[in-house]
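Structural description and commentary
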Amino acid sequence: MSQTAIAATRTPRTGRDLPVAIVVGVAMLLAVVASLFIRKEAFGIVAVLCVCAGLWELAQAFTRRNIHLPLLPLLVGAVGILVSAYTAGPEALFVAFMLTVGGVVVWRVLDGRGQPALRDATAGAFAAAYLPFLGGFVMLLLAEPDGARRVMLFILLCVASDVGGYTVGVLLGRHPLAPSVSPKKTWEGLAGSVVLACVVGVVGVQVAFDGEPLVGVFLGLATVVTATLGDLSESLLKRDLELKDMGRLVPGHGGLLDRLDSLVLTAPVVYVILTVLQPA
């Protein structure tokens, strides 16, 4: 078999090296599970590292448009936001976020004023909201007495949405969902996401909390909506930046941001639904 034929068998129409992507994805999931159930603080460290790595990738990507994120105050602020959310709750999350945005603006203005400073400071505020602020809701989930189970359910819901959409989309996908944004996403794949996420939601809620199946269905549907929007939003960003992937930190997947895009947008929704419908 020729090298071209071998490459074709390894790379499906999604453009990924499937065996590598599967191995790396499973390894990442196992690392997250291990950190969750060894000690909650261990997962907190993993979350901080992921958010900081995502900010670094975003800063590198933005340089393609001559936008320079104030990375140091963003990294310091990200740690403060995530730690504050875990130790002191939602109010501390919002306060830490506002302080981070203020610090980013002041840092950039001290380095120079004018249109470039406004552009960089605005991008810095966006970065602070996109990663550490939204990621802070995962820390709010973690801080609950049964936080490990809540975070585990949240992650499995996002994985189910991704895997269901990918599998059904590859096997049966015919009708593009948003061809101008992400040509490989299909309505059939979206249906696969809905089915698998709802199954995981129903089973997860009953196993973890002995909760009502309807809560699991609600979680599954909400996850598919937010995860899909998160993925499409990052696709729009990559299209504007003329990038295929946001980085190369995760073999077979692209950048870490290519894996976090659906997670960060889903975290606040899962937090709110569980807080209201399945309180600790």
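Residues numbered from 1 in each chain as written. Predicted model: local features only at pLDDT ≥ 70, side-chain atom pairs only at ≥ 80, totals over all residues. Heavy atoms only, no water.

Per an unreviewed UniProt entry, the protein goes by Phosphatidate cytidylyltransferase and derives from Cellulomonas fengjieae. Among the UniProt annotations of the protein, the heading Catalytic activity (unreviewed entry) holds the following wording: "a 1,2-diacyl-sn-glycero-3-phosphate + CTP + H(+) = a CDP-1,2-diacyl-sn-glycerol + diphosphate". (UniProt positions renumbered as here; feature names shortened; annotations may be inferred.)

1. Digging into the overall build of the protein
Helices and strands together make up the secondary structure of the protein, namely 10 helices and two strands. Reading the secondary structure of the protein in the N-to-C direction produces α-α-α-α-α-α-α-β-β-α-α-α. Since a compact globule built from 280 residues should have a radius of gyration of about 19 Å, the 19 Å found for the protein is in line with a globular shape. By principal-axis analysis of the C-alpha atoms, the protein measures approximately 55 × 50 × 30 Å. (Helix = DSSP H or I, 4+ residues; strand = E, 2+ residues; numbered from the N terminus. Rg over C-alpha atoms; globule rule 2.2 N^0.38 Å.)

2. Structural notes on the UniProt feature "transmembrane region" (unreviewed entry) in the protein
UniProt records the feature "transmembrane region" (unreviewed entry) for residues 20-38, 44-62, 69-86, 92-110, 122-142, 154-177, 189-209 and 215-237 in the present numbering. Within the segment residues 92-110, helix and strand shares are 100% and 0% respectively, and the terminal C-alpha atoms sit 27 Å apart. Overall, residues 154-177 shows 79% helix and 8% strand. The separation of its end C-alpha atoms is 24 Å.

3. A word on the nonpolar core
Phe43, Leu58 and Leu219 are the most contacted members of the largest nonpolar core, which totals 63 residues. Broken down by element, this core gets its largest block of residues, 13 residues, from helix H6 (residues 115-143). Look past the residues within four positions of Leu219 in its chain and what remains in contact with it is Leu153, Leu157, Val205, Val270, Ile273 and Leu274. (Core = buried A, V, L, I, M, F, W, Y, C linked by side-chain atoms within 4.5 Å. Buried < 20%, exposed > 50% of the residue type's maximum accessible area, 1.4 Å probe, protein only. Contact = heavy atoms within 4.5 Å.)

4. As for the environment of Leu157
With respect to the helices and strands, the residue Leu157 is situated in helix H7 (residues 147-172). According to the relative accessible area criterion, Leu157 is buried, its value standing at 0%. Taking C-alpha positions, Leu157 is 8.5 Å from Leu196, a pair spaced 39 residues apart along the chain. Residue contacts for Leu157: discarding those within four places in its chain leaves Ala197, Val200, Gly201, Leu219, Gly220 and Thr223.

5. Considerations on the packing of aromatic side chains
Within the structure shown, the criterion is met by six aromatic pairs. With a centroid separation of 4.8 Å and 35° between ring planes, the pair formed by Phe97 and Phe133 is classed as tilted. Taken together, the residues Phe97 in helix H5 (residues 90-110) and Phe133 in helix H6 connect sequence positions 36 residues apart. Like Phe133, Phe97 is buried. Plain terms: the ring middles of Phe133 and Phe137 are 5.5 Å apart, the flat faces sit at 85° to each other, and that makes the pair edge-to-face. Of this pair, Phe133 and Phe137 both sit in helix H6, four residues apart, which is roughly one turn of the helix. There is no split in this pair, since Phe133 and Phe137 are both buried. Pairwise contacts between aromatic rings join Phe94, Phe97, Phe133, Phe137 and Tyr271 into one cluster. A cation over an aromatic ring shows up here: Arg150 above the ring of Phe209, its NZ or CZ 5.2 Å from the ring centre. (Phe/Tyr/Trp six-rings, centres within 6.5 Å; stacked < 30°, edge-to-face > 60°. Lys NZ or Arg CZ within 6 Å of the ring centre and 35° of its normal.)

6. Considerations on the packing of helix H3 (residues 40-62) against helix H4 (residues 71-88)
One can describe the packing of H3 onto H4 by two numbers: an axis separation of 10 Å at closest approach and a directional angle of 150°. As summarised for this structure, H3 and H4 are arranged roughly antiparallel, according to the angle between their axes. In the packing of H3 onto H4, the handedness of the crossing is right-handed. Contact residues: Lys40, Glu41, Ala47, Val48, Val51, Cys52, Leu55, Trp56 and Ala59 in H3; Leu71, Leu74, Leu75, Ala78, Val79, Leu82 and Tyr86 in H4. (Axes fitted to C-alpha atoms, helices over the stretch in contact; angles between N-to-C directions. Parallel < 35°, antiparallel > 145°, perpendicular 65-115°, else oblique. Left-handed = near helix turned anticlockwise from the far one by under 90°.)

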